[in-house]
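Next come the chains, spelled out residue by residue.
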Amino acid sequence: MKDNLLRYTLRVDRELFRKFRYIAESKGRSANKEIEQYLKKIVAKYESDFGTIDIDDED
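Described below are features of the structure shown in this document. (Residues numbered from 1 in each chain as written. Predicted model: local features only at pLDDT ≥ 70, side-chain atom pairs only at ≥ 80, totals over all residues. Heavy atoms only, no water.)

**Some details on the packing of aromatic side chains**
As a reminder of what qualifies: Pairing of aromatic rings covers Phe, Tyr and Trp, the last counted by its six-membered ring, and requires centre-to-centre distances within 6.5 Å; plane angles under 30 degrees mean stacked, over 60 mean edge-to-face, and any other angle means tilted. Numbering of helices and strands starts at the N terminus; helices are DSSP runs of H or I of at least 4 residues and strands are runs of E of at least 2.
This structure, assessed with the given rule, holds three aromatic pairs. When the centroid spacing of 6.4 Å and the interplanar angle of 35° are considered together, the rings of Phe17 and Phe20 count as tilted. Taken as a pair, Phe17 and Phe20 lie in helix 1 (residues 14-26) at a separation of three residues, close to a single helical turn. Through successive ring pairs, a cluster of aromatic residues spans Phe17, Phe20 and Tyr38.

Below, the structure is given as structure tokens:
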């Protein structure tokens, strides 16, 4: 079975991330899930404005 989860290292200012994690937790989410929600939102907005993004099956 193919794993659809990509593991990605994010480098970000420590204080900024601590604040972001606080916001995520206030919504009952992990920081990872909050990042995923932001990514989904920005991709949906982009595709709404410019059309579907076609990608290949490979990374």
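**Observations concerning the pattern of salt bridges**
Opposite charge on two side chains allows them to pair when their charged atoms are near. So the rule is basically this: When a carboxyl oxygen of Asp or Glu lies within 4 Å of a side-chain nitrogen of Lys or Arg, that pair is called a salt bridge. Here's how the labels work: a residue is buried when its accessible area is under 20% of the maximum for its type, exposed when over 50%, partly exposed in between, all with a 1.4 Å probe on protein chains only.
Throughout the structure, instances matching the rule amount to six salt bridges. A salt bridge links Glu34 to Lys27; the shortest N-O distance between them is 2.9 Å. Glu34 sits in the buried class, given a relative accessible area of 1%. Each of the salt bridges in this network shares a partner with another, and the network as a whole consists of Lys27, Arg29 and Glu34.

**As for the side chain of Glu34**
Which entries qualify depends on this criterion: Note on definitions: a residue-residue contact is assigned when non-hydrogen atoms from the two residues lie within 4.5 Å.
The residue Glu34 is located in helix 2 (residues 31-50) in this model. The contacts of Glu34, once residues within four sequence positions are left out, are Phe20, Ala24, Lys27 and Arg29.

**With respect to helix 1**
Residues spaced three or four apart along an α-helix point in a common direction, a consequence of the helix completing one turn every 3.6 residues. Test applied: To estimate how far a helix should extend, the number of its residues minus one is multiplied by 1.5 Å. Whenever two N or O atoms come within 3.5 Å, that pair is a polar contact, provided that in protein one can donate a hydrogen and the other can accept it, and provided that, for residues adjacent in sequence, both atoms are side-chain atoms.
Between its first and last C-alpha atoms helix 1 spans 18 Å; for 13 residues at 1.5 Å apiece the expected length is 18 Å, and the two agree. Taking the backbone nitrogen of Glu15 as reference, a side-chain oxygen 3.2 Å away marks Asp13 as the first, capping residue of helix 1.

**Structural notes on a nonpolar patch on the surface**
The condition that has to hold: Patches in this entry comprise residues that are over 30% relatively accessible and not in a salt bridge; like charges within 9 Å are linked, as are nonpolar side chains (Val, Leu, Ile, Met, Phe, Trp, Tyr) within 5 Å. Method for areas: the Shrake-Rupley scheme with a 1.4 Å probe, in which residue coverage is limited to the protein chains shown.
A surface patch of nonpolar side chains, about 760 Å² in accessible area, is lined by Leu39, Ile42, Val43, Tyr46, Phe50, Ile53 and Ile55. For Ile55, the location among the structural elements is in the segment after helix 2. What makes Ile55 exposed here is its relative accessible area of 70%.

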